[in-house]
Amino acid sequence: MPRLTLEDIAEKAGVSRSTVSRVINNHPNVSEKVRTRVSDVIKSTGFSPNAAARTLASHRSRMIGLIYPKTVSSVFADPYYPRLTQGIVSACNQNNYTLNLFMAENREEEDNIVSRALRTGFLDGMLIETGQIEDPIMERLTHSDIPLVIMGRPYYAEEISYVDVDNVEAARTAVNHLASHGYDRIGTITGPLDLVVGIDRRNGYLQALEENNIPIDQSLIIPGEFGEEHGYRSMQKMLPANPRAVFAASDLIAMGAMRAVADAGLRIPEDIAFVGFDDLPQLNNPFLPLTTIRQPIYGMGMKLVDTLLEMIEGRSNGIQRHIMETKLIVRDSCGTHPK
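Conventions we followed
- Every chain's residues receive numbers from 1 upward, in the order its sequence appears when written.
- Note on the predicted model: pLDDT of at least 70 is required for a residue's local features to be given, and 80 or more for side-chain atom pairs to be given and counted; whole-chain, interface and lining totals, by contrast, use all residues.
- The basis for every side-chain value is the complete set of heavy atoms in the structure, and neither hydrogens nor water enter the calculation.
- Pairing between strands requires that DSSP locate at least two bridges from one strand to the other.
- A run of H or I in DSSP becomes a helix once it reaches four residues, and a run of E becomes a strand once it reaches two; helices and strands are each numbered from the N terminus.
- By convention, a stacked pair of Phe, Tyr or Trp rings (six-membered ring in the case of Trp) has centres within 6.5 Å and planes under 30 degrees apart, an edge-to-face pair has planes over 60 apart, and any other such pair is tilted.
- Think of it in three bands: residues with accessible area under 20% of the maximum for their type are buried, residues over 50% are exposed, and the middle band is partly exposed, with areas taken using a 1.4 Å probe on protein chains only.
- Every axis corresponds to a line fitted to the C-alpha atoms, with the helix fit spanning only the stretch in contact, and the corresponding angles, defined between N-to-C directions, vary from 0 to 180 degrees.
- An angle counts as roughly parallel when it lies under 35 degrees, as roughly antiparallel when it exceeds 145, as roughly perpendicular when it falls between 65 and 115, and as oblique in every other case.
- By definition in these notes, contact holds between two residues if any of their heavy atoms fall within 4.5 Å.
- Classification convention: Asp, Glu, Lys, Arg as charged; Ala, Val, Leu, Ile, Met, Phe, Trp, Tyr, Cys, Pro as nonpolar; all other residues, Gly among them, as polar.
- Residues enter a nonpolar core if they are buried and are Ala, Val, Leu, Ile, Met, Phe, Trp, Tyr or Cys, with the set joined through side-chain atoms within 4.5 Å.

A. Looking closely at the sheet that holds strand β8 (residues 245–248). Strand order across the open sheet formed by 6 strands is β7-β6-β8-β9-β10-β12, with mixed pairing between neighbours. The open sheet has two edge strands, β7 (221–222) and β12 (327–329), and neither has a second partner. Summarising the sheet, strand β6 (residues 186–189) and β7 pair through 2 bridges and their orientation is parallel. Following the sheet pairing, Thr188 is matched in β7 by Ile221.

B. Highlighting the packing of aromatic side chains. In total, this model carries 2 aromatic pairs according to the counting rule given. Where Tyr68 meets Tyr81, the ring centres are 5.3 Å apart and the plane angle is 75°; that geometry is what we call edge-to-face. With Tyr68 in strand β1 (residues 63–68) and Tyr81 in helix α6 (residues 80–94), this pair connects stretches of sequence that are 13 residues apart. What makes Tyr81 buried here is its relative accessible area of 7%. When the ring of Tyr80 is compared with that of Tyr81, the centres are 5.2 Å apart and the planes differ by 90°; the resulting orientation is edge-to-face.

C. Quick look at the packing of helix α2 (residues 17–24) against helix α3 (residues 32–45). The contact between α2 and α3 brings their axes to 10 Å, and the two run at 90°. Comparing their axes, α3 and α2 come out roughly perpendicular. Residues Thr19, Val20, Val23 and Ile24 of α2 lie in contact with α3, whose contacting residues are Val34, Arg35, Val38, Ser39 and Ile42. When the residues that make up the contact of α2 with α3 are grouped by side-chain class, the tally is 6 nonpolar, 2 polar and 1 charged.

D. Layout of the nonpolar core. Judged by nonpolar contacts, the single largest core of 43 residues is most densely connected at Leu178, Ile186, Tyr205, Met235, Phe247 and Phe274. Every element with two or more residues in this core is listed here: α9 (167–180), β6, α10 (196–211), β7, α11 (228–238), β8, α12 (251–263) and β9 (273–278). Examining the composition of this core, we find that 7 residues originate from one element, α12, more than from any other. Setting aside residues no more than four positions away along its own chain, Ile186 makes contact with Val175, Leu178, Ala179, Tyr205, Leu209, Ile214, Leu220 and Ala245.

Listed below in structure tokens is the structure:
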């Protein structure tokens, strides 16, 4: 017997194919009378070998969305995001959920993505990688009924579940390590200061300077972006201030900054020592391994999904905040690695 189609269900229920589709996708613009009639036809005909019927039976689609509110090029250029996505995909596969990835080139496309995600009613929950101080995407999703988990501590976090590391403490640990080995002109190239992560890592740097009685020198604090070229240009700006060590807010920043130091004819770590943040293996130079803060990027991706599924499946009734552990990994770039 041939498999039934949407057209077959529509004919039996006396409605259009699009109406059947709206019922399957739980679209609100369907009367309860029509919804019941279509649902009864689906059940009576055994129209169940696909995701549509399973959704009607369980009220869940086993599909979640992931929004990266970045340009497509920036996501693929930064190895942090593929690693995070690997963890998310792995957790989805283990739990038999399908992941829908949403990316946009500009704000207008981001708005359209959110509207589509909320309008279809076919997603059980949403993940979003954010951290902007004011993020309109997160605000719209927060005020919707869809379960939501954020990657990164939101600036206003009272009613939002999220997964992150303690970026303040991790940065403080990195700079304290440099200070404990006698460095007293310690600079930093920050992440974007319109992101919570950029602010937190800068604040950890400032706390460590205060704890070690090191005066704050604004010429050693260079606002940056999470990219290698930004690291290169920022280091060029810092060099006239004669830093002896640098805490870079990401490994990509550190790579660019170290290249700028080498191009200036200076040595690492003899002239300038470095500590990064992330511990992305593909970025580590075997000739000069980078001291860095290791954060569990893959594990955070898996934790995002686990947290969201607890909300979707009713295993969690409240706001969840998971702070995962970081670790200082000492290598040659800071000049303190034992030989």
